[in-house]
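# Observations on the three-dimensional arrangement
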Amino acid sequence: MTSFETGAELFASFEGYFSKDREVRQQIRDVITELELCNRQLNCNIDVIHLPKAIDVPALERSCGEIMGRAREHFGTLKGVVPQEQFYKYHDFWKTITQSLVAKMSLLHFLSHYSLLDKEEASNLLGVSASDDPKEFHLPLEDYLVGLLFMCSDLARLAVNRVTAKDYTTPLKIAAFVKELESGFRLLNLKNDFLRKRYDTLKYDVKKIEEVVYDLTLRGLNGS
């Protein structure tokens, strides 16, 4: 056997690896398509909170809970598709959709409990591990934190729209919650560029909410 034939056989053996990788990537794309549909449906359902009327939180929880149930099933499918211990090789495929879903779950949790959805609760809702073990299919800490920052932008918008709906209590609760969240983020030494940029956006969200509270105070509508 010539050296050329040996090299040809060697490279031919590589095709199995690339073929399997292409198959996995296509399977992941198929699942992401379904997750993106869930995300769009959640957007439509949650957007009603910005209308100038009372927010029916129980109805919102029911409708969004059904959609999140489907999203959880899709994450279960993803877990079966992604080869063991190769989570971060393919993570970029579902990173953005995960952050968006965390934002929506956190927003719903706030509306229901006026408190923070912690990482373990978010992981459970997605049906993934709460650990940061790269060997497991999990919710990375950075995705969770970015989701919280996206939520804060939604809350800043909500604070303005609740005043339009003559709801002067919710903006005050939003202000206290986001301010506390900002204090928590200040304790972190953020290295991730995107996460850092999103944190910078949080400062503008806080300012926007503070302006709403200031306006309510001037008008004597802050409950004090």
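Basis of the calculations
- Residues numbered from 1 in each chain as written.
- Predicted model: local features only at pLDDT ≥ 70, side-chain atom pairs only at ≥ 80, totals over all residues.
- Heavy atoms only, no water.
- Helix = DSSP H or I, 4+ residues; strand = E, 2+ residues; numbered from the N terminus.
- Rg over C-alpha atoms; globule rule 2.2 N^0.38 Å.
- Buried < 20%, exposed > 50% of the residue type's maximum accessible area, 1.4 Å probe, protein only.
- Contact = heavy atoms within 4.5 Å.
- Areas by Shrake-Rupley, 256 points an atom, 1.4 Å probe, with all protein chains shown as cover.
- Lys, Arg positive; Asp, Glu negative; His and termini not counted.
- Charge placed at Lys NZ, Arg CZ, Asp CG, Glu CD.
- Polar contact = N/O pair within 3.5 Å; in protein donor to acceptor, adjacent residues only side chain to side chain.
- Phe/Tyr/Trp six-rings, centres within 6.5 Å; stacked < 30°, edge-to-face > 60°.
- Lys NZ or Arg CZ within 6 Å of the ring centre and 35° of its normal.
- Disulfide = S-S within 2.5 Å.
- Axes fitted to C-alpha atoms, helices over the stretch in contact; angles between N-to-C directions.
- Parallel < 35°, antiparallel > 145°, perpendicular 65-115°, else oblique.
- Left-handed = near helix turned anticlockwise from the far one by under 90°.
- Nonpolar A, V, L, I, M, F, W, Y, C, P; charged D, E, K, R; others polar.

Tallying secondary structure elements over the protein chain gives eight helices and zero strands in all. Reading the protein chain from its N end, one meets helices and strands in the order α-α-α-α-α-α-α-α. Here the protein chain has a C-alpha radius of gyration of 22 Å; the compact-globule value for 224 residues is 17 Å, and the former is much larger. Seen through its C-alpha atoms, the protein chain measures out along the principal axes to roughly 90 × 35 × 25 Å. Counting all 224 residues of the protein chain, 41% fall into the buried class. Nonlocal contacts in the protein chain, meaning residues at least 24 apart in sequence, comprise 73% of its contacts between residues at least 6 apart. Total accessible area on the protein chain stands at roughly 12,400 Å², and carbon and sulfur atoms take up 54% of it. Positive and negative side-chain charges in the protein chain, numbering 29 and 33 respectively, have mean positions lying 6 Å apart.

Of note, D21 is situated in helix α1 (residues 3–46). Judged by its relative accessible area of 11%, D21 is buried. A polar contact is formed between the side chain of D21 and the side chain of K89, at a distance of 3.3 Å. Residues contacting D21, with those up to four places away along its chain left out, are K89 and Y90.

Once that is clear, we can look at the packing of aromatic side chains. Counted by the stated rule, this structure contains nine aromatic pairs. When the centroid spacing of 6.5 Å and the interplanar angle of 70° are considered together, the rings of F75 and F137 count as edge-to-face. Of this pair, F75 sits in helix α2 (residues 57–81) while F137 sits in the loop between α5 (119–126) and α6 (141–164), and the two are 62 residues apart along the sequence. Residue F75 shares its accessibility class with F137, and that shared class is buried. Ring-pair connections join several aromatic residues into one group, and the members of that group are F75, F87, Y88, W94 and F137. Above the face of the Y114 ring, K173 is positioned so that its terminal group lies 4.1 Å from the ring centre.

As a further point, take the state of the cysteines. The term disulfide refers to a covalent linkage connecting the sulfur atoms of a pair of cysteines. Under the defined criterion, the tally for this structure stands at zero disulfides. You can see C38 has no disulfide; the closest cysteine sulfur is in C64, sitting 11 Å from it. Of the cysteine sulfurs around C64, a residue in no disulfide, the closest is that of C44, at 10 Å. By relative accessible area, which is 1% here, C64 ends up buried.

Now for the packing of helix α4 (residues 92–113) against α5. Packed helix pairs are specified by the crossing angle of their axes together with the interaxial distance, meaning the distance between the axes. Interhelical geometry of α4 versus α5 gives an angle of 115° and a closest axis separation of 10 Å. Comparing their axes, α5 and α4 come out roughly perpendicular. As for the relative orientation of α4 and α5, their crossing is right-handed in sense. Of the residues in α5, those touching α4 at T98, L101, V102, M105 and H109 are E121, A122, L125 and L126. Here the residues of the contact of α4 with α5 are counted per class, giving six nonpolar, two polar and one charged.

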